[in-house]
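Coordinate analysis (summary)
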Amino acid sequence: FEMVRIRFLGHERTVYLGVGKHAIHLLRRDISKTIKGGDIYYAHIDKVIEDTVTQTDFMIVMNDNRAAEWESEKLFVVSDNRTRLLEYMAIAWQADVMFRFGSVRRFRHYEAEITTRGPLTEPRPQVRAFYGFDKFVYKGYSFFLPKGFKDMATAAGTSKTGSYIDADEKGCTMVCEVGPTTPLPRLEQMGKEHVRWTALEYKQKITAPLKACTVLRNCSAHKAMDLAGDIAQWTGWELLVKSADEMVACFIMRRKYVPPLLDSAQDIVVTFRAPVRLEPIYPTTELRRLAKIAADSLTSTSESFSYYPTMVQARADALLFDEESLTWLSKSLDIYPGKRTDEQTDEEQVNELHNKARKFVKSILKALEAENALTHQDILEQKDMKDIDYYHDPMQAVRQDLLKDVGGLCIEDGDNKIERKNAWAMRVARYLAYCIDGGLFGGKFTMCDITDAIGSVNAELNKKLQEIIEFLLHVRDPDLTLEFQQNSIAAQTLEKEFASFQYNEKVMRHLVESGYLRAQFPKGQEMRYSTVLATLLLGNGTTSFKALICRQILLTAGKQEPTTVNAIVPSLLELVRKGSLFLATYATAALVNMTAHHDVVKNTLMQKNVVQVCNDKLRQTDEDLVFYILGLLVNLTKAVHHRAIVVSYGTHQVLLEILQSSYHEDSKAKLLEQLCAVVGQLCNEEDTRRAISKNQAVLSCLCHLFGRTPSGSPLRSKVMFCLKQLCINDAQQKNVIGPVVMYEAYDELPRYPENDDFTSNCCLLLGTLFISKENCKLLWDHMSERHKEITGDITKMFKAVTQNVDDAIEAVAKRDAEERRERLIELRTRLMQFLKAAHIRGQLSRHG
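None of these values were measured; they are calculated from a predicted model.

Glancing now at the overall build of the protein. The helix and strand tally for the protein stands at 34 helices and 19 strands. By residue count, 50% of the 848 residues in the protein fall in the buried class. For the protein, the share of sequence-separated contacts (at least 6 apart) that also reach a separation of at least 24 residues comes to 65%. When the accessible surface of the protein is totalled, it reaches about 40,200 Å², and 50% of it is carbon and sulfur.

Right, let's get into the environment of S530. Its place among the elements puts S530 in helix α16 (residues 526–537). Residues S530 and V569, spaced 39 residues apart in sequence, show a C-alpha to C-alpha distance of 9.8 Å. Leave out the neighbours within four places in its chain, and S530 touches Q560, T564, A567 and I568.

A word on the pairing of strand β3 (residues 23–27). Here is the key point about a regular strand: its side chains alternate between the two faces of the sheet. Across the five residues of β3, four count as buried, placing the element largely inside the fold. Where strand β2 (residues 11–19) hands over to β3, the hairpin turn is made up of three residues, counted between the paired strands. When β3 meets strand β4 (residues 34–41), the two strands line up antiparallel, connected through four bridges. Paired with L27 across the bridge in β4 is T34.

Moving on, we get to unusual backbone geometry. That bond from P259 to P260 is cis: its omega, 15°, falls within 30 degrees of zero. Mapping P260 onto the fold places it in the loop between β17 (246–256) and β18 (264–275). Despite not being glycine, L319 shows a phi value in the positive range, around 60°. Turning to its location among the elements, L319 is positioned in the loop between α5 (309–317) and α6 (323–332). A residue is classified by how much of its surface remains accessible, and L319, at 7% relative accessible area, is buried. Positive phi outside glycine occurs at N609, with the angle close to 65°.

Core analysis: the largest hydrophobic core is formed by 157 residues, its most contacted members being F360, F445, L465 and L572. With sequence-adjacent residues up to four places away left out, L465 is seen in contact with I364, L368, I450, A453, I454 and V457. If you look at the next biggest cluster of nonpolar residues, it comprises 33 residues, including F143, F144, F272 and L278.

One key point about sheets: their strands pair by backbone hydrogen bonds, in either a parallel or an antiparallel sense. Ordered in space as β9-β10-β19, the three strands form an open sheet in which the pairing is antiparallel. Each edge of the open sheet carries a strand with a single partner, namely β9 (133–138) and β19 (299–300). Bridge analysis of strand β10 (residues 141–146) against β19 gives two bridges, and the strand direction is antiparallel. For S142, the partnering residue across the bridge sits in β19 and is T299.

Most of β10 sits inside the fold, with six of its six residues counted as buried. Burial along β10 is two-sided: the face carrying Y141, F143 and L145 and the face carrying S142, F144 and P146 are both buried. With six bridges joining them, β9 and β10 adopt antiparallel strand pairing. Note on β10: the bridge partner recorded for Y138 is Y141.

Turning our attention to the sheet that holds strand β5 (residues 45–51). Spatial ordering of the open sheet is given by β4-β3-β2-β1-β7-β6-β5-β8, a layout of eight strands whose pairing is mixed. Where the open sheet ends on each side, the last strands, each with one partner, are β4 and β8 (109–112). Taken over all neighbouring pairs, the strand axes of this sheet differ in orientation by 30° on average, direction set aside. Relative to strand β6 (residues 57–62), β5 runs antiparallel, the two being bridged by five bridges. Note on β6: the bridge partner recorded for E50 is F58.

Taken as a whole, this structure holds 19 aromatic pairs when the rule is applied. Between Y257 and W328, the ring centres sit 4.3 Å apart and the planes meet at 20°, which makes this aromatic pair stacked. Of this pair, Y257 sits in the loop between β17 and β18 while W328 sits in helix α6, and the two are 71 residues apart along the sequence. We classify W328 as buried; its relative accessible area is 9%. Ring geometry for F521 versus Y529: centroids 6.0 Å apart, planes at 50°, classification tilted. The residues F521 and Y529 share a single accessibility class, namely buried.

Further remarks concern the side chain of Q681. By the secondary structure assignment, Q681 is in helix α26 (residues 669–682). The contact partners of Q681, leaving out residues within four places of it in the chain, are L633, V634, T637, K638, R643 and F721.

Let us now look at the pattern of salt bridges. Following the criterion strictly, the structure yields 37 salt bridges and no others. R7 is the salt-bridge partner of D57, the closest N and O atoms lying 3.2 Å from each other. Remark: R7 occurs in strand β1 (residues 2–8) and D57 occurs in strand β6; sequence separation between them is 50 residues. Given a relative accessible area of 26%, R7 falls into the partly exposed group. One salt bridge connects D757 with K718, and the closest N-O pair in it is separated by 3.2 Å. Highlighted residues: D757 in helix α31 (residues 756–769) and K718 in helix α29 (residues 714–727), separated in sequence by 39 residues. Linked through salt bridges whose partners overlap, the residues forming this network are R217, E238 and R288.

Now for helix α9 (residues 394–402). Within the span of α9, buried status applies to P394, M395, A397, V398, D401 and L402. Down the axis of α9, the sector holding all buried residues measures 160°, keeping them to one side. Buried-residue contacts for α9 involve α7 (353–370), α10 (417–439) and α12 (459–473).

Now for the packing of helix α28 (residues 696–708) against helix α30 (residues 731–748). Close contact between α28 and α30 brings their axes to 10 Å; oriented N to C, the two are set at 5°. Comparing their axes, α30 and α28 come out roughly parallel. Contacts between α28 and α30 pair Q696, L699, C703 and F706 from the former with Q733, I737, V740, V741, E744 and A745 from the latter. Considering only residue class, the contact of α28 with α30 consists of seven nonpolar, two polar and one charged.

What counts as what
- Residues numbered from 1 in each chain as written.
- Predicted model: local features only at pLDDT ≥ 70, side-chain atom pairs only at ≥ 80, totals over all residues.
- Heavy atoms only, no water.
- Helix = DSSP H or I, 4+ residues; strand = E, 2+ residues; numbered from the N terminus.
- Buried < 20%, exposed > 50% of the residue type's maximum accessible area, 1.4 Å probe, protein only.
- Contact = heavy atoms within 4.5 Å.
- Areas by Shrake-Rupley, 256 points an atom, 1.4 Å probe, with all protein chains shown as cover.
- Pairing = 2+ DSSP bridges.
- Core = buried A, V, L, I, M, F, W, Y, C linked by side-chain atoms within 4.5 Å.
- Axes fitted to C-alpha atoms, helices over the stretch in contact; angles between N-to-C directions.
- Phe/Tyr/Trp six-rings, centres within 6.5 Å; stacked < 30°, edge-to-face > 60°.
- Salt bridge = Lys/Arg side-chain N within 4 Å of Asp/Glu carboxyl O.
- Arc of directions from axis to C-beta.
- Parallel < 35°, antiparallel > 145°, perpendicular 65-115°, else oblique.
- Nonpolar A, V, L, I, M, F, W, Y, C, P; charged D, E, K, R; others polar.

Written out as structure tokens, the structure is:
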């Protein structure tokens, strides 16, 4: 939908051009109707010729079946957004052909000079490429690439493919992908309301085919250049990946609030690739720099970045923009609902939503001020609030001013007036929530001020504030023919259809995060609250909202009763199974915390076939998700019957594949730590231990991993645990592992007395290895005189630990029983570790 100028037989006219399903429609400026012959069917369009002289002109050539109003077959069109308009026309034309003929035909689109060069056809001034760079144009966007880059032929064609290669064709390539323009509400429905969620998909796409890849950068990116005065908002995300064979630098840029309607967004992706053999020429820092320059220089080739103020203001008055869009419009363009335009007069009926919203907010402020519950009282003294009236009951402002017919919207007219009236009420609730939660006064007055006041004011105001929260949340049936039934939040969650209900997500987000929603369910009804969270997790909420719920569950898992926590498990597992990569990671992290505190959760997960889900996710290339899946398996493999189930699904084979492909990568230390813990626990079963130890490659990987990890690190501790488990009942494996690891392990034994886990695993591994007489003899010969020095160090440490025990016994009368028990258990654990060390020395002496 664009405002264009058309020229036909010497006449010129400004109209709106709309791209429809079967025709393009030329509408009058007031959008009341089409002009004569304004419906040009795609069946009557023969071809389109794009002007090479200007960036705005093109010509539509019609066939003989055209309407009688068009005497000539040529229609000249001038559009500031020509590239995007022609792209939409091409898609619609091809879809119409498939609908009419059931076959695919190519849209006839050509380039030629259709205007003469002169002062009137000169394009707007443009920024030239930097020194050492050339400017390239692809699908309506220009960008800078180093000199020498040229078009690269692909399966799509030989030129204008969006793929480029360096001059010497050594292998450094650049690919530009321009996505479709997507309406903002559609982005939210797709779960891509933030560029980060799109970047996660690209991360998976990039890393999936690579071997032994490391993600060096995965963070937000800021566009540093605006080379054309674009009014749209740019956000971005950066990925930098290096594998054994290839380096990849990728920038995902989102152009949001695309003019002229400011209601859509478009993603542009810039990806540089270079083989590792070119690292001396293109190191990762240089590859990232080139990708950064290309992303920063992205510029629309449109001749104008103006917007349609009348249409944008009408959409704002109809409350069709979300909270983020309203903030951007008000700060960037000074557009807000109810703003008077130059065309409106005082006598006309105009939409005064902004002042009516202020009246509603001021009513709340006055009520809180009367109870001395208003934190920032100076906001009532602001100039734009002094002349605003207020009601003693804030909801009266909603019922009398905002839910009635508003100028120009005609809510009470038409056949579907009930649906439009209820839809308007939903939008009003969302807009008022935006005004309260920082939309009018920033951080001086937010939703927190209302929820915090509930329970600390008189009963009458308390009831009014709860009623306000219920209206702003606006939980209702999606069937708009049904009236909104205002009720308490706790009562609404009892409805059978609650899972399908609609609600204001921004308000619900605050209620969950602040603990207000939990407070609606008194002691003894915690199960209902868990059920509500489980329902919200599987609802139509955005990715950000579901991630927030997962964070709440993760933080409170250890503080709740097992049965209460267990009610959320099926929903979390469903998110792991079918949710996006980001949500699956968050849900898995929540399950890790829950299984660490509650055995009943483990049993439920096993009943829900969690092991198969883990196997599927372990084969993905996202390190964060795999890390938490391994953490979940650590918790699940602590019981004998659970280990048997895990092994029956062949999970141990999947784990060994990951070990053999990742053991040499320093960036995967945390992942390998969890993996060694799982493999070690599985080896508690003799059959599993034998099956794993038969694979000599596994032992080689673990021994190599032991040698290259830092001394005293958590990873080395888990490697020692895993090696101990593998050789515990196998004399041959002891003799294989001993000469590789026991010298370093013996030297490290007294170095980390404060690291309980490391010291314990070191003692256990050495105690297992020294059962073998060959290992003891080898170590005795190797240590020679150092044996006495180390023994002396251990003796000193043993005396220090016993002194700590004496100190604890002295203080026992001054501490309560719980503190005494925890302190003595801690000291007893350390004491036993050194007793084990002394036992090892005894074994050495006997075998010596």
